[in-house]
Amino acid sequence: MTVHGAGTLTTRRGNAERGREGRISGYVLKVIRESAGLTQERFAERLGLDVTTIQGWESGRRSLMAVSTGTYLSLRHWLLRLGVRSRLLAQLDMALEADRFVGYVLSTEPGKVEAEDHPLASWVIKRPFTDLVAWPFTKTAPSAVAGVVRGTGRRGPVATAPSLLPDERAHFFEHLKAVAEGADTDRVDGMLLRRQAHYVASFDDTSDTADWLTAMQRAEERRMGRAGEWTPSWAVVRSGAHSLARLGDREGLQHFIRVHLADEICEMANLNYWAYWLGEVGEPQLADTFMVELNPDVWRGTELLRHLADKLDSANPYLDVVAHTLWALVMLRPSALDTQSMDALRDAAVRTLDEATASPQSKRELEAVIYALCMIH
């Protein structure tokens, strides 16, 4: 089956190996089955399949990507008839994309990457894809399936996430680091590949990767040169600051906000990226240049506002950029606010200020948000 093609698979061996990967989509299928309250045997009976086929799909031994398009569409049809929500089916579709990417990485030697064929050079990835790819490494279920995973009531020593073997994990991150370092910085798709490989590599929580991310961030900031101007390097530095914050370095994110979000164009680029990341911009983007080319009128900001308000938490490593982006969004798009969202945002901002853990800049911005809400109300 063909899923969101992004480049030519150049060898028969690579094509076969990439087609066999199916652990993430298999695990999502298992979650879907359990959410419907069905055993593997009952599920197979309802679908008219042998139980070993279901077992193979769910374990990843048989990849869903290897089935025909007609078979997959029939599977989706029956899942709908079983009452599976469309949101979960969308996760299954995206899990196939995640498996294709993981399969590409695991079957490709780091030094033998054709940059133009790399999945991370072909489109700007979004949160659902990234959460699914991160799942085997962080063991954090994507938000769209987290409640379903908790609600299945599993007992005993069962896996709580898709998994990779230690040597596969090592190869995965070695590949991404090599790709990020070797990307063509004179090409827009090369810079997209550099940024996204850099970001996905940060799902490795080892000290070696943390040191590598720090060194890459410093090198990219030197290469970017003057601050306050959007370039593809700006996008790399932005992602790098977020990665380092997740690993415990919040000062880097604060520096990025102070230095690299001081320009109006960069401020809008940050908002456009957030809106795209969270799905308010439906059209897939092929290059990071969309951040400065996209008309902000194409997104409303309601979903972005809700997400950011929910993330106002002193334990959130991204708290500083959440506070800053909320401030910028309220100033730019007050139309995204209604009475309910204003009350929720005000409560979250007051709670965060009371916790007294935000940086001085975040405190000022949250106070400005509260003041603006009072004026609007």
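Keep in mind that what you see is a predicted model, and the values were worked out from it rather than measured. (Residues numbered from 1 in each chain as written. Predicted model: local features only at pLDDT ≥ 70, side-chain atom pairs only at ≥ 80, totals over all residues. Heavy atoms only, no water.)

1. Description of the overall build of the protein chain
Here is the rule we go by: Labels follow the DSSP assignment, with helices taken as runs of H or I lasting at least four residues and strands as runs of E lasting at least two, numbered in each case from the N terminus. What the globule rule says is 2.2 Å times the number of residues to the power 0.38, and the radius of gyration is computed from C-alpha atoms. Relative accessibility thresholds used throughout: buried, under 20% of the residue-type maximum; exposed, over 50%; partly exposed, between the two (1.4 Å probe, protein chains only). Any two residues whose heavy atoms approach within 4.5 Å at even a single point are treated as in contact. The protein chains shown are the only cover counted for residues, whose accessible areas, like all others here, come from Shrake-Rupley with a 1.4 Å probe. Counted as positive: Lys and Arg. Counted as negative: Asp and Glu, with His and the chain ends omitted from the count. Each charge is placed at NZ for Lys, CZ for Arg, CG for Asp and CD for Glu.
Regarding its fold elements, the protein chain presents 19 helices and 0 strands. Taken over the C-alpha trace, the protein chain has a radius of gyration of 22 Å; the compact-globule value for 377 residues is 21 Å, and the two agree within 12%. Reported as C-alpha extents along the three principal axes, the dimensions of the protein chain are approximately 60 × 45 × 40 Å. Out of the 377 residues belonging to the protein chain, those deemed buried represent 52%. Put simply, of all contacts in the protein chain between residues at least 6 apart along the chain, 74% involve residues at least 24 apart. A total accessible area of about 17,200 Å² is found for the protein chain, and carbon and sulfur atoms account for 50% of it. Here the protein chain carries 44 positive and 50 negative side-chain charges, and the mean point of each set is 6 Å from the other.

2. Comments concerning the pattern of salt bridges
Here is the rule we go by: Any Lys or Arg side-chain nitrogen located within 4 Å of an Asp or Glu carboxyl oxygen qualifies as a salt bridge.
Counted under the stated rule, the structure contains 16 salt bridges. Where Glu97 meets Arg100, a salt bridge forms, and the shortest distance between an N and an O atom there is 3.2 Å. Of this pair, Glu97 and Arg100 are both found in helix H6 (residues 86–106), 3 residues apart, which corresponds to roughly one turn of the helix. Residue Arg100 is classed as buried on the basis of its relative accessible area, which comes to 13%. A salt bridge links Arg169 to Asp204; the nearest nitrogen and oxygen atoms lie 3.8 Å apart. Taken together, the residues span a long stretch of sequence, with Arg169 in helix H9 (residues 166–182) and Asp204 in the loop between helix H10 (188–201) and helix H11 (207–224) at a distance of 35 residues. Of the residues examined, Asp204 reaches a relative accessible area of 5% and is grouped as buried. Each of the salt bridges in this network shares a partner with another, and the network as a whole consists of Glu21, Arg23 and Glu168.

3. Section: the packing of aromatic side chains
Test applied: Classification of ring pairs uses Phe, Tyr and Trp, with its six-membered ring standing for Trp, and accepts pairs whose centres are within 6.5 Å; under 30 degrees between planes counts as stacked, over 60 as edge-to-face, and the remaining range as tilted.
Here the structure, examined in full by the defined rule, presents 14 aromatic pairs. A ring pair is formed by Tyr27 and Trp135, whose centres lie 5.1 Å apart and whose planes are at 80°; its orientation type is edge-to-face. You can see Tyr27 sitting in helix H2 (residues 23–35) and its partner Trp135 sitting in helix H7 (residues 127–138), a full 108 residues away along the chain. Trp135 matches Tyr27 in its accessibility class, with the two residues each being buried. Their ring planes at 90° and their centres at 5.3 Å tell us that Phe172 and Phe173 sit as a pair that is edge-to-face. Since its relative accessible area comes to 0%, Phe172 is described here as buried.

4. Quick word on the confidence of the model for the protein chain
Stated precisely, the cut-off is as follows: pLDDT gives the predictor's per-residue confidence on a scale running from 0 to 100.
Across the protein chain, the average pLDDT comes to 88, with 91% of residues at 70 or higher. The lowest-confidence element of the protein chain is helix H1 (residues 12–20), averaging 51 in pLDDT; the highest-confidence one is helix H15 (residues 290–293), averaging 97.

5. Focus: the nonpolar core
In plain terms, the rule: Only buried residues count toward a nonpolar core, which is a set of Ala, Val, Leu, Ile, Met, Phe, Trp, Tyr and Cys residues joined through side-chain atoms within 4.5 Å.
Ranked by size, the top nonpolar core spans 112 residues in total, and within it Leu79, Phe101, Phe172, Leu176, Trp234, Leu312 and Leu345 carry the most contacts. Per element, the largest residue contribution to this core is 10 residues, and it comes from H6.

6. What about the side chain of Glu267?
Relative to the elements of secondary structure, Glu267 occurs in helix H14 (residues 264–277). Setting aside its immediate chain neighbours within four residues, Glu267 contacts Leu261, His324, Trp327 and Ala328.

7. Focus on helix H3 (residues 40–47)
We count it as follows: The reported arc concerns the directions from the helix axis to the C-beta atoms and nothing else.
Buried residues of H3: Gln40, Phe43, Ala44 and Leu47, and no others. Taken end-on, H3 shows its buried residues confined to a sector of 100°, consistent with a single buried face. Lining the buried residues of H3 we find H2, helix H4 (51–59) and helix H5 (69–81). Looking one or two residues beyond H3, the residue adopting positive phi is Gly48, at roughly 70°.

8. Comments concerning the environment of Lys112
Residue placement: Lys112 occurs in the loop between H6 and H7. Using a relative accessible area of 66% as the deciding quantity, one classes Lys112 as exposed. Taking the C-alpha atoms as reference, Lys112 lies 24 Å from Ala134; in sequence the two are 22 residues apart.

9. Examining the environment of Leu47
Positionally, Leu47 belongs in helix H3. Not counting residues up to four positions away in its chain, the partners in contact with Leu47 are Ile54, Leu75 and Trp78.

10. Observations regarding unusual backbone geometry
Backbone geometry places Lys139, a non-glycine residue, at a positive phi of 65°. Residue placement: Lys139 occurs in the loop between H7 and helix H8 (143–151). Positive phi outside glycine occurs at Ala356, with the angle close to 55°. By the secondary structure assignment, Ala356 is in the loop between helix H18 (339–355) and helix H19 (360–376).

11. Section: the packing of H9 against H10
Short version of the rule: Where helices are involved, their axes are fitted lines through C-alpha atoms of the stretch in contact, as for all axes, and angles between N-to-C directions lie from 0 to 180°. Any angle from 65 to 115 degrees is called roughly perpendicular, while one under 35 is roughly parallel, one over 145 is roughly antiparallel, and all others are oblique. Helix crossings get a hand from a simple test, with the near helix turned counterclockwise from the far one by less than a right angle marking a left-handed crossing and a clockwise turn marking a right-handed one. For this classification, Asp, Glu, Lys and Arg are treated as charged, while Ala, Val, Leu, Ile, Met, Phe, Trp, Tyr, Cys and Pro are nonpolar and the rest, including Gly, are polar.
One way to put it is that H9 packs onto H10 with a least axis distance of 8 Å and a crossing angle of 150°. Considering the angle they form, H9 stands roughly antiparallel to H10. In this structure, the crossing between H9 and H10 has a hand that is left-handed. Across from Phe172, Phe173, Leu176, Val179, Ala180 and Glu181 in H9, the residues of H10 making contact are Leu193, Arg194, Ala197, His198, Val200 and Ala201. Of the residues contributing to the contact of H9 with H10, the split by class is 9 nonpolar, 1 polar and 2 charged.

12. Considerations on the environment of Leu106
Tracing the backbone through its elements, the reader meets Leu106 in helix H6. Residue Leu106 is classed as partly exposed on the basis of its relative accessible area of 22%. Each C-alpha atom, one on Leu106 and one on Trp234, is 29 Å from the other, the two residues being 128 residues apart in sequence. Not counting residues within four places of it along the chain, the set of residues in contact with Leu106 comprises Glu21, Arg23, Leu164, Glu168, His171 and Phe172.

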